[in-house]
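# Fold and contact review
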Amino acid sequence: MKISKNFVIQEFVGPAIINALGEKAIQLLDYRIILIAQFIRDYFGRPMTINNWHIGGHFTERGFREPQTHTGAPFSQHKFGRAIDFTLDGLSPEEIRTEILKNQQLFLEKGLTCIEAKTLTWVHIDCRYTGLDKILIVYP
Ligand SMILES: [Zn+2]
């Protein structure tokens, strides 16, 4: 099911959830994270990979994560449907983070409130409430 110009629901939830809920899986997501993903896709103008299990890849937990998963932190923003891990074709995670933080007001306005530093092979962003007027940088 298509949920924005460039994304289908499978990119935000894994196969077990699609099997259990079908199109209602979208109800597990904070709508802002879909808007932010589409904004990043448009801003950089490059193909973006979140989950790719539906096209034969092995990523299933880069969007929503089930509460009982052993992936990531116990209270990860992924478990609230507010986070994604992603890559963009042709740019390193560090290049993506640098560009987002350089223009952080623009991304904040779209709802992006937090970014993880230092991850080498992906970029983590989320839309948690921080009460800050800048993007929160967390160190995993
Ligand atoms: Zn993450």
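Just above, that's the structure.
These remarks concern the structure in this document. Computed from a predicted structure; not experimentally measured.

### Here's the deal with the state of the cysteines
- Per the counting criterion, the structure on display carries zero disulfides.
- The thiol of Cys-127 is not disulfide-bonded; the next cysteine sulfur, from Cys-114, is found 10 Å away.

### Remarks on the coordination of the zinc ion
- Bound to the zinc ion on the protein side are His-78 (NE2), Asp-85 (OD) and His-124 (ND1), at distances that span 2.0 Å.
- In primary sequence terms, the donor set of the zinc ion follows H-x6-D-x38-H. Of the two residues, His-78 sits in the loop between strand S1 (48-49) and strand S2 (83-88) while His-124 sits in strand S4 (residues 123-126), which places them 46 residues apart along the sequence. Each member of the pair His-78 and His-124 is classed as buried.

### Notes on the packing of helix H2 (residues 31-44) against helix H3 (residues 93-102)
- Look at H2 against H3: their axes get within 13 Å of each other, and the N-to-C directions meet at 100°. Between H2 and H3, the angle falls in the class roughly perpendicular. Seen from H2, the contacting residues are Ile-40, Tyr-43 and Phe-44; seen from H3, they are Ile-96, Glu-99 and Ile-100.
- Here the contact of H2 with H3 is composed, by residue class, of five nonpolar, no polar and one charged.

### Concerning the sheet that holds S4
- The strand order across the open sheet formed by five strands is S1-S2-S4-S3-S5, and the pairing between neighbours is mixed. Taken across any chain shown, the strands that pair with only one partner, and hence form the sheet edges, are S1 and strand S5 (136-138).
- For strand S3 (residues 114-116) and S4, the ladder comprises two bridges, and the chain directions are antiparallel. Residue pairing in the sheet places Cys-114 in a bridge with Asp-126 of S4.
- Against the sheet, H2 contacts S1, S2 and S4, and its axis sits at roughly 15° relative to S2.

### As for H3
- Every buried residue of H3 is listed here: Pro-93, Ile-96, Arg-97 and Ile-100. Around the axis of H3, the buried residues are gathered within 95° of arc, so they sit on the same side.
- Buried residues along H3 sit against H2, S2, helix H4 (104-109), S3 and S4.

### Describing the packing of aromatic side chains
- What the rule picks out here adds up to five aromatic pairs.
- Ring centres of Phe-7 and Phe-12 lie 5.7 Å apart, and the angle between their planes is 75°; on these two criteria the pair is classed as edge-to-face. An identical accessibility class is assigned to Phe-7 and Phe-12; each is buried.
- Judged by centre distance (6.0 Å) and plane angle (40°), the rings of Phe-39 and Tyr-43 are tilted. Within this pair, Phe-39 and its partner Tyr-43 are both found in helix H2, separated by four residues, close to a single helical turn.
- Among the residues examined, Phe-39 registers a relative accessible area of 18% and is labelled buried.
- Put simply, the rings of Phe-39, Tyr-43, Phe-44 and Phe-107 pair up and form one aromatic cluster.
- We note Arg-62 situated over the ring of Phe-59; from NZ or CZ to the ring centre the distance is 3.7 Å.

Rules of the game
Residues numbered from 1 in each chain as written. Predicted model: local features only at pLDDT ≥ 70, side-chain atom pairs only at ≥ 80, totals over all residues. Heavy atoms only, no water. Disulfide = S-S within 2.5 Å. Donors = N, O, S within 2.8 Å, 3.2 Å for Na, K, Ca; no water. Helix = DSSP H or I, 4+ residues; strand = E, 2+ residues; numbered from the N terminus. Buried < 20%, exposed > 50% of the residue type's maximum accessible area, 1.4 Å probe, protein only. Axes fitted to C-alpha atoms, helices over the stretch in contact; angles between N-to-C directions. Parallel < 35°, antiparallel > 145°, perpendicular 65-115°, else oblique. Contact = heavy atoms within 4.5 Å. Nonpolar A, V, L, I, M, F, W, Y, C, P; charged D, E, K, R; others polar. Pairing = 2+ DSSP bridges. Arc of directions from axis to C-beta. Phe/Tyr/Trp six-rings, centres within 6.5 Å; stacked < 30°, edge-to-face > 60°. Lys NZ or Arg CZ within 6 Å of the ring centre and 35° of its normal.

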